[in-house]
Protein chains: 2
Amino acid sequence: MDPLLFTPGPTNVPYRVLKAMAKPMITHRGATFRSLYSSVEDKIKQLLDTENEVFLLTASGTGGVEAAIANLVKKGTKVIVPIFGTFSERIANAVKTYGGEVITRKYKEGTGPVKEDIAALIDEHLNAEILFIVYNDTSPGVMLKDIDQICKIAKDNGLITIVDGISIVGGAPVHVDAWNIDVFIGATQKCLGTPPGLSFISVSREVLEKSKNINTIYFSFELFKKFAEKRETPFTPAIPLFYALDEALKIILSEIGYKRWLELHERRAEALYKSLEVMNFIPFVHENFRSVVVISTSGHPSLECPALKSELEKKYAINISGGLGELKNKIIRVGNMGFLTWRDILTLIAAIAEILLEHGIEEDVSKALGIIGNYAAKTPIPWDG
Amino acid sequence: MDPLLFTPGPTNVPYRVLKAMAKPMITHRGATFRSLYSSVEDKIKQLLDTENEVFLLTASGTGGVEAAIANLVKKGTKVIVPIFGTFSERIANAVKTYGGEVITRKYKEGTGPVKEDIAALIDEHLNAEILFIVYNDTSPGVMLKDIDQICKIAKDNGLITIVDGISIVGGAPVHVDAWNIDVFIGATQKCLGTPPGLSFISVSREVLEKSKNINTIYFSFELFKKFAEKRETPFTPAIPLFYALDEALKIILSEIGYKRWLELHERRAEALYKSLEVMNFIPFVHENFRSVVVISTSGHPSLECPALKSELEKKYAINISGGLGELKNKIIRVGNMGFLTWRDILTLIAAIAEILLEHGIEEDVSKALGIIGNYAAKTPIPWDG
């Protein structure tokens, strides 16, 4: 049985996007690749709403994060990294690996920083040089809804702003230039419904100036900039993934329309939160921080999270995720990313309801399904396949 | 017109391998991926003839080279890097980027080191810790035919041996264990006829012990080792490329047979060298160093290299390569990698002959084509598509 993915990445990839990869191989030093490169670059700039340089890295998201750090963090560089999940914690570790000094605060499980917290952190550490923050930490399902203001405060205080937007780009608005984001990192396998293996990174002019003579070659912004001028990558790129990303972005930006695509993510999130609540699943995240793209719940009071997860997989090949690290068996996470349809959402809710029933737990299934139905009627899915 | 690639990577990918990528997406933390991972890992170990750990990196070849350096080179680490082309030069630079001290000698254009040279270098630098050497530097088309003995000498002298075999793995024998290679780096897009975007690296136990607390997370051997135990990668892998590599290796190792596959590379190389010589192309590389996988020539005495390259592309969508760096307009390079057929070789020779004729240069075309024909009759291509 083919899997139905509700994991927070990789996500389901439409056959049309998969098929786009199966093109005869081309050289990465020729006109065909350069035109493919331009096409992807233009679309990513549109997606990020930026006029900054955008580089396409043959590496998954963590590679993109490492690129940002390798280009900007030297021994002793002071970096503010607010910690509110596994991915923000990983960034703090990566900064240390490169010799940086991490200034951090840990936030209560299921919450994250608001702009006042960041302002206070900056005030306490006037020598901080960089703010590196995760827009949406998928591990608890926490999304920072005032990321724009957080970045503004950092920028106003002279910090370089780096945003890890890997899990959310394409699923919620991003305005790199208006939001004062010097470096924004995204990846293909989350809300863009493209296979994993590529990440992209936008880099401001200020950062390009600062990131010379650094400690990496494979991720060197300087080299990427040099080759971007001729619409090439410094090293052999994952060509099939460029084709796939180009196709997915064409569907999202030109055929569906980006605004409508974002709205679908919002409506699906509402439908998921509501229908899960009707079935007595307890939201894990404080309401101010609930993510649009990862619905995180403490599970059902009468059924262990790991049991639900494994039965969904075994019986129906539906993949949801458990928690990471300390949250391993304590939460379940439902990804709401990319090309999910109302039929997929309905299927998930029905499958969860069926497994609850199997365990003798009766919830108001009709009401839960009805919620999905109403959303499906109001916001139809605009793509084929 | 679809391109016919004679570039030294990326190379033509059979439709069957391209198609293998177009599979429904799966999670990288589930049983299906683990079984795919095992399947690829087993085949790579077979290919490299090793019982060492093999890690699969979502990064192209240069990322693999950077991984080796990031895990082993610290400030002051003394590394012998013989330079005989762009790729060996890049390694020297990468070692310096990581703070290493490079011990090097440059070899005359179109030649490289033999075992006596390496022995002498080691004797002169008894404090050297690592030998990092390119098996086949595609930029001049130089292949080190006594790489096995070179590595033995280094190992006997207590050095760690790192071999960049990116451009040659699958095109010529590699015996990692018998040849005393601590770290071997390969990639998908050369002689394995798979799209670019993945590299693989075998790592000896000795090196695994030494590469702890190092300066990278994305390329950390320690993390790769930890996840390899459960047949996973530490970070999201380029899943479609795993499918493609698995399919290509299945064809190469099980259907064609690895011995026969290697023999085909040899026979095609002979046919290319001979037929090009008949048409008065001058080999660029000293005969002791001529590569099986990149046929490098100084071109035809009566036609500029760049003209031949661009006319082949414009008229027939056949891609060959020019030189890199100082050799830019001085040589042409014909890749002999992966799934090339006798028809492809015949087509290339015919197209070159036609372009020569167009320029009023008459060579013995019949003889050149006859050479290919003889080889084709003796060593038939054993795959479909």
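Residues numbered from 1 in each chain as written. Chains lettered and ligands numbered in written order. Predicted model: local features only at pLDDT ≥ 70, side-chain atom pairs only at ≥ 80, totals over all residues. Heavy atoms only, no water.

Points about the overall build of chain A
Along chain A, the regular secondary structure elements total 12 helices and 14 strands. In terms of its C-alpha atoms, chain A occupies a principal-axis envelope of roughly 65 × 55 × 30 Å. Here chain A holds 385 residues, and 64% of them are scored as buried. Here the contacts in chain A between residues at least 6 apart in sequence split such that 73% fall between residues at least 24 apart. Per element, the accessible surface of chain A, about 14000 Å² overall, is 49% carbon and sulfur. (Helix = DSSP H or I, 4+ residues; strand = E, 2+ residues; numbered from the N terminus. Buried < 20%, exposed > 50% of the residue type's maximum accessible area, 1.4 Å probe, protein only. Contact = heavy atoms within 4.5 Å. Areas by Shrake-Rupley, 256 points an atom, 1.4 Å probe, with all protein chains shown as cover.)

Focus: the pairing of strand 11 (residues 294-297) of chain A
Residue and element names in this part refer to chain A. What you see with strand 11 is no split at all: V294 and S296 on one side and I295 and T297 on the other are buried throughout. With four bridges joining them, strand 11 and strand 14 (residues 332-335) adopt antiparallel strand pairing. Bridging across to strand 14, S296 finds its partner in R333. (Pairing = 2+ DSSP bridges.)

Remarks on the relation of the copies chain A and chain B
Least-squares fitting of chain A to chain B yields an RMSD of 0.0 Å, with the transformation described by 0.0 Å of translation along the axis and a rotation of 180°. Such a combination of turn and shift is consistent with a two-fold rotation axis. When C-alpha positions in chain A are compared against the rotation axis, the closest is assigned to A:A59, at 2.6 Å. Most of the interface of chain A is mirrored in chain B, where 100% of its interface residues are also at the interface. (Least-squares fit on C-alpha atoms with pLDDT ≥ 70 in both.)

What to know about the packing of helix 9 (residues 239-278) of chain A against helix 11 (residues 342-358) of chain A
Residue and element names in this part refer to chain A. Taken N-terminus to C-terminus, the directions of helix 9 and helix 11 make an angle of 15°; their axes are 11 Å apart at the nearest point. On the basis of the axis angle, helix 9 is roughly parallel to helix 11. Read as a crossing pair, helix 9 and helix 11 show a hand that is right-handed. Along the contact surface, helix 9 presents L264, R267, R268, A271, L272, S275 and L276, while helix 11 presents W342, I345, L348, I349 and I352. (Axes fitted to C-alpha atoms, helices over the stretch in contact; angles between N-to-C directions. Parallel < 35°, antiparallel > 145°, perpendicular 65-115°, else oblique. Left-handed = near helix turned anticlockwise from the far one by under 90°.)

Description of the sheet that holds strand 2 (residues 53-57) of chain A
Residues and elements named next belong to chain A. If you trace the seven strands from one edge of the open sheet to the other, you get 2-10-9-8-5-3-4, paired in mixed fashion. This sheet does not close on itself; its edge strands, each paired only once, are strand 2 and strand 4 (101-103). The mean inter-strand angle of the sheet, taken between neighbouring strand axes irrespective of direction, is 20°. Pairing geometry for strand 5 (residues 130-134) and strand 8 (residues 160-164), over five bridges, is parallel. What sits directly across from V134, in strand 8, is D164.

Considering the packing of aromatic side chains
Within the structure shown, the criterion is met by 27 aromatic pairs over all chains. For the pair B:Y218 and B:F235, a centre-to-centre distance of 5.7 Å together with 20° between the ring planes defines the contact as stacked. With B:Y218 in the loop between helix 7 (205-210) and helix 8 (221-228) and B:F235 in the loop between helix 8 and helix 9 (239-278), this residue pair connects regions lying 17 residues apart in the sequence. Of the residues examined, B:Y218 reaches a relative accessible area of 3% and is grouped as buried. For B:F235, a relative accessible area of 7% corresponds to the buried category. Pairwise contacts between aromatic rings join A:Y218, A:F219, A:F235, B:Y218, B:F219 and B:F235 into one cluster. (Phe/Tyr/Trp six-rings, centres within 6.5 Å; stacked < 30°, edge-to-face > 60°.)

Quick word on the environment of B:E277
Residues and elements named next belong to chain B. In this structure, E277 sits in helix 9. You can call E277 partly exposed: its relative accessible area is 42%. Separated by 143 residues in sequence, E277 and V134 have C-alpha atoms that sit 27 Å apart. Setting aside residues up to four positions removed in sequence, E277 forms contacts with P283 and R290.

Quick look at the interface of chain A and chain B
On the chain B side, the residues contacting the 49 residues of chain A number 49 residues. The largest share of the area that chain A buries against chain B comes from A:M25, A:I217 and A:Y218, three residues that together contribute 16% of it. Joining chain A to chain B, the criterion identifies zero salt bridges. Counting only elements with at least two residues in the side of chain A that touches chain B, the list comes to helix 1 (15-20), helix 3 (61-72), helix 4 (86-97) and helix 9 of chain A. Top contributing element to the side of chain A that touches chain B by residue count: helix 4 of chain A, with four residues. The residue makeup of the side of chain A that touches chain B, split by class, is 26 nonpolar, 18 polar and five charged. (Buried area = accessible area lost by both parts, 1.4 Å probe. Salt bridge = Lys/Arg side-chain N within 4 Å of Asp/Glu carboxyl O. Nonpolar A, V, L, I, M, F, W, Y, C, P; charged D, E, K, R; others polar.)

Digging into the pattern of salt bridges
Residue and element names in this part refer to chain A. Tallying each qualifying case throughout the model produces 40 salt bridges over all chains. Linking E232 and R34 is a salt bridge whose minimum nitrogen-to-oxygen distance equals 2.6 Å. One end of the pair, E232, is in the loop between helix 8 (221-228) and helix 9; the other, R34, is in helix 2 (residues 31-48), with 198 residues separating them in the sequence. Given the relative accessible area of 4%, E232 is considered buried. Salt-bridge contacts for K43 lead to D246; the nearest nitrogen and oxygen are separated by 2.7 Å. Here K43, found in helix 2, pairs with D246, found in helix 9; they are 203 residues apart in sequence, far enough to count as distant. According to the relative accessible area criterion, D246 is buried, its value standing at 15%.

Some details on the side chain of A:S211
Residues and elements named next belong to chain A. Turning to its location among the elements, S211 is positioned in the loop between helix 7 (205-210) and helix 8. Owing to a relative accessible area of 0%, S211 belongs among the buried residues under this scheme. Polar side-chain contacts of S211 include one of 3.5 Å to the backbone oxygen of L208. (Polar contact = N/O pair within 3.5 Å; in protein donor to acceptor, adjacent residues only side chain to side chain.)

Quick look at helix 6 (residues 147-156) of chain A
Residue and element names in this part refer to chain A. Among all positions in helix 6, only I147, I150, C151, I153 and A154 are buried. Projection of helix 6 onto a plane perpendicular to its axis shows the buried side chains occupying an angular sector of 160°, all on one side. Elements that come into contact with the buried residues of helix 6 comprise helix 5 (115-124), strand 5 and strand 8. (Arc of directions from axis to C-beta.)

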